[in-house]
Amino acid sequence: MGKHILFLIFIILFACSLLAQQGKQYVFSRYNTGNGLASNYVNNLVQDQQGFIWLATINGLHKYDGHKFTTFKHETNNPATVPSDNIAEVYGDARNNLWVSTADNKVGIFNTHTFIYKEISIKSDAISTIYTVKRFSKPGPGS
């Protein structure tokens, strides 16, 4: 009787192991200036509704399409470009607008189809400048 119970337990455990799923495997890629980024320091990033990744860096606004980076920088005497190369933050809203704030406290919407920046005037009685929150983490082992 004891052998039959052990055999039954073995069969149940074996059957359960057949139903177990293999763990997910993730692939990580590391990008830097050698891969097309204009800066190794990224302030933040957001993915838009088309799937593009937009990165705020200290050396321009970047668009990543899954293969390559396109950099958008300030051009003197061209108000349709971002007002500064030091992009502090990007944010995508429900209307698919890409909001851009720069280190010189300017805020605007960057049209992701025409690549034209339009500054938005923000009026506030309480705050004279716009500040973005910086999040720093302690470097881990091997950093």
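What counts as what
Residues numbered from 1 in each chain as written. Predicted model: local features only at pLDDT ≥ 70, side-chain atom pairs only at ≥ 80, totals over all residues. Heavy atoms only, no water. Pairing = 2+ DSSP bridges. Helix = DSSP H or I, 4+ residues; strand = E, 2+ residues; numbered from the N terminus. Axes fitted to C-alpha atoms, helices over the stretch in contact; angles between N-to-C directions. Phe/Tyr/Trp six-rings, centres within 6.5 Å; stacked < 30°, edge-to-face > 60°. Buried < 20%, exposed > 50% of the residue type's maximum accessible area, 1.4 Å probe, protein only. Lys NZ or Arg CZ within 6 Å of the ring centre and 35° of its normal.

### As for the pairing of strand β5 (residues 87-92)
- As paired elements, β5 and strand β6 (residues 98-102) share five bridges and run antiparallel to each other. The residue bridging G92 from the neighbouring strand is L98, located in β6.
- Where β5 folds back on β6, the antiparallel hairpin that results is connected by five residues, among which N96 adopts a positive phi of roughly 65°.

### Some words on the sheet that holds strand β2 (residues 53-57)
- The strand order β1-β2-β3-β4 describes an open sheet built from four strands, whose pairing is antiparallel. On the outer flanks of this sheet lie β1 (42-47) and β4 (69-72), each paired with one strand and no other. Neighbour-to-neighbour, the strand axes of this sheet turn through a mean angle of 20°, independent of strand direction.
- Note: β1 against β2, five bridges, orientation antiparallel. Bridging from a neighbouring strand, V42 pairs with T57 of β2.

### Side note on the sheet that holds β5
- Pairing is antiparallel across the open sheet formed by four strands, whose spatial order is β5-β6-β7-β8. Strands at the two margins of the open sheet, each flanked by one partner only, are β5 and β8 (117-119). Between one strand axis and the next, the sheet turns by 30° as a mean value, whatever way the strands run.
- Taken together, the three bridges between strand β7 (residues 107-110) and β8 define a ladder with antiparallel strand orientation. Residue pairing across strands places I109 opposite K118, the latter belonging to β8.

### Concerning the packing of aromatic side chains
- Scanning all chains against the criterion turns up eight aromatic pairs.
- Ring centres of Y64 and F69 lie 4.5 Å apart, and the angle between their planes is 35°; this geometry places the pair in the tilted category. Per residue, the accessibility class of Y64 equals that of F69, and both read buried.
- Pairwise contacts between aromatic rings join W54, F72, F110 and F115 into one cluster.
- Cation over ring: K63 sits above F52, and NZ or CZ is 4.1 Å from the ring centre.

From the geometry alone we can't say anything about function, so treat these as descriptive.
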